[in-house]
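# Coordinates in review
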Amino acid sequence: MKPEEFRKHAHQLVDWMLDYYENIDKFPVKSQVSPGEILSKLPASAPQSGESMDQILKDFNELILPGMTHWQNPNFFAYFPANASFPSLLAEMLTATLASQCMIWDTSPAAAELEEQMMNWLKQMTGLPTDWAGVIQDGASTATLTAILTARETKSAYRINKEGFNNGQQFRVYCSTETHSSVEKAVKIAGLGKSNLIKIAVDDSLAMDAKALEKAIAKDLSAGFIPLCVIAALGTTGTTAMDPLEPIASICKKHEIWLHVDAAYAGTALLLPEYRWMIEGIEEVDSFVFNPHKWMFTHFDCTAYFVKDEEALVRTFEILPEYLKTQSRGKVKDYRDWGIPMGRRFRALKLWFVIRSFGIEGLQTKIRKHIQLAERFESWVLDHPDFEIMTKRTLNLVCFRYHPHGISNEVEINQLNENLENSINSEGNIFLTHTKVHGKYTLRMVIAQTNVEEKHVEEAWGVILSNL
Ligand code: PLP
C-alpha cells in the first residue's frame, strides 16, 4: 500500500469509527449469526495477488461486522464489560502506529518509564500500598499464573525452576468455590496438579468462609502437604462477592502462605474512597491484580499486576540470553522479566491517555453513576412481585431471577429463567448473561458500559418484562 493510499483509508476509517459509535445501538448487541455462518462465507484459501483496500473494507462491513458482538454498545449488560473510551482508542491508534516491541527498557525507554509511572499512579488512585511494584500484563489469568509461579519458586527456594519437581513435595493452593476458573488453569499450568487446588466453601453471600480455609490448611498440614498460595477474590465473576481479606490475610501470615488477590473487575471500585473497605488487610497481601480493561474505560488488554516483593517476581522469570544483554541492565526496569511473554505491546500509553483525559474525578463520577444505576435497577426488581434478588449487591452487578407467583418447583423456575435469557438475547436489543446461585439459574445485569445512561437501563428493564 502506498503512503497516500494509507492516508485516504485512514481518514475514511476515522469517519467510519465515529459513525460506528454514533450508530452502535442499531446493531444487535449480541451477534445473531449461526455457528459456521461466517466461516462458510470466507474464501477457502488466501488470494494469490493482493486485493484493493476498498474491497477488503467492503468485506469487513458485509462479512465480519454481522458476526461481531458489540461490546461497546451501551445495551451490553453481559459478563463483565471490556470497556473502551475515545481517549483510550486514540492511544491505541498511536500504539499501533509506533508498533514498538517494548520488551526491555532499551527497546523503548519511554514505554518502560511510562509503565512504571502509570503503576505508581494507579497505586495512589486505588489506595494500594505505595511501596509495591506494578507491571502491566495481558490479562488477570496471566497475572494469577505469575503469582502462583512466584509463590512456587519462593517456597521452593527457586529450586523447581532449576530442577523441576523432583523431591515429592506436594503443594496446595486454596480458593473459594466461586473463584474464577483462571485459578484452576494456573494451577494446572504451574505443574501443581488440579487435585491440589482446594476449593473452600462460601458463606451465604458467596464469599470465602475463612474458618473453612483455616480448617482445610490445618488438615493439609497434618497430612504432610505444603500450603503454597491462597487466592482471595474481591468481586467474584458470578456475583461480585467479596472474600474477607483481613481474616484470610492473618491465616496466610500465620502459615507463611502467599496471598494473591484477584480483583479483576471490582478493583476499579477502589478509585472510590467509600469502597476501600474492600482492601482492609491489604498490607499482608503478596500480589494483587485488577483489570483497567474491564471497568476503567481502557481498551483490552490492560491488566495491572502489583507485587510486594519485586525481587521475587524478577528472580522467578528472569532469563538473560546474550542478545538481550544491555548497558542499562540493573539501572532500569526490563519488564520482560516481570512475567511470561518476552514481547510486550506499549500498553501504558492508553492508561496515560485515559487517566489524564478523564482525570480521577471524571473516572469516579462515571463509576459512581454505574453503581447508582444498579441501585435503581435493583429497586425495580424488588418492587416487582414476580422477580427476586438473588444475592446482596456489592457494586453494579444485580443478580436476579424471574419467579412468578404460584410456581415453586426449582427446576421449572430455572427453565423459565434460561428461556427468558435466550429470548432476550435472541432479539438483540440488550445482552445479558447468567450464573448459578446455590444451583438457582440467576440472571446477571452488569451496568458498567462506558456510555450507559439511565434510559438504557430503563429500556433494558422494559425488554426483560416484554419477554416474560
Ligand atoms: N478473575 C475474575 C474475577 C474475572 O471475572 C475474570 C474474567 O472475567 C478473570 C479473572 C480473567 O480475566 P482475564 O480475561 O483478564 O484473564
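Now for a description of the structure that goes with this document.

What counts, and where the lines are drawn
- Residues numbered from 1 in each chain as written.
- Predicted model: local features only at pLDDT ≥ 70, side-chain atom pairs only at ≥ 80, totals over all residues.
- Heavy atoms only, no water.
- Phe/Tyr/Trp six-rings, centres within 6.5 Å; stacked < 30°, edge-to-face > 60°.
- Helix = DSSP H or I, 4+ residues; strand = E, 2+ residues; numbered from the N terminus.
- Lys NZ or Arg CZ within 6 Å of the ring centre and 35° of its normal.
- Near = heavy atom within 4 Å.
- Polar contact = N/O pair within 3.5 Å; in protein donor to acceptor, adjacent residues only side chain to side chain.
- Areas by Shrake-Rupley, 256 points an atom, 1.4 Å probe, with all protein chains shown as cover.

### Examining the packing of aromatic side chains
Inspection of every chain in the model, using the stated rule, returns 21 aromatic pairs. Relative to Trp-295, the ring of Tyr-265 has its centre 5.1 Å away and its plane inclined at 15°; by these criteria the two rings are stacked. In this pair, Tyr-265 sits in the loop between β5 (258-262) and β6 (287-290) while Trp-295 sits in helix α11 (residues 292-295), placing the two residues 30 residues apart along the sequence. Their ring planes at 80° and their centres at 5.5 Å tell us that Phe-377 and Trp-461 sit as a pair that is edge-to-face. Of this pair, Phe-377 sits in helix α13 (residues 348-383) while Trp-461 is found in helix α15 (residues 454-466), placing the two residues 84 residues apart along the sequence. Feature note: the residues Trp-16, Tyr-20, Tyr-21, Phe-27, Phe-60 and Phe-86 constitute an aromatic cluster, connected by ring pairs. The positively charged end of Arg-356 is found above the aromatic ring belonging to Trp-352, 4.8 Å away from the centroid.

### Focus on the site of the ligand
Around the ligand, a shell composed of 13 residues is seen, among which Ala-140, Ser-141, Thr-237, Asp-262 and Asn-291 lie nearest. Contact distances for the ligand include 2.8 Å between an oxygen atom and a backbone N or O atom of Ala-140. Lys-294 places a polar side-chain atom, nitrogen or oxygen, 3.3 Å from an oxygen atom of the ligand. Contact with the protein chains covers 85% of the free accessible surface of the ligand, which is 390 Å². Elements represented by at least two residues in the shell around the ligand include exactly α6 (140-155) and α11.

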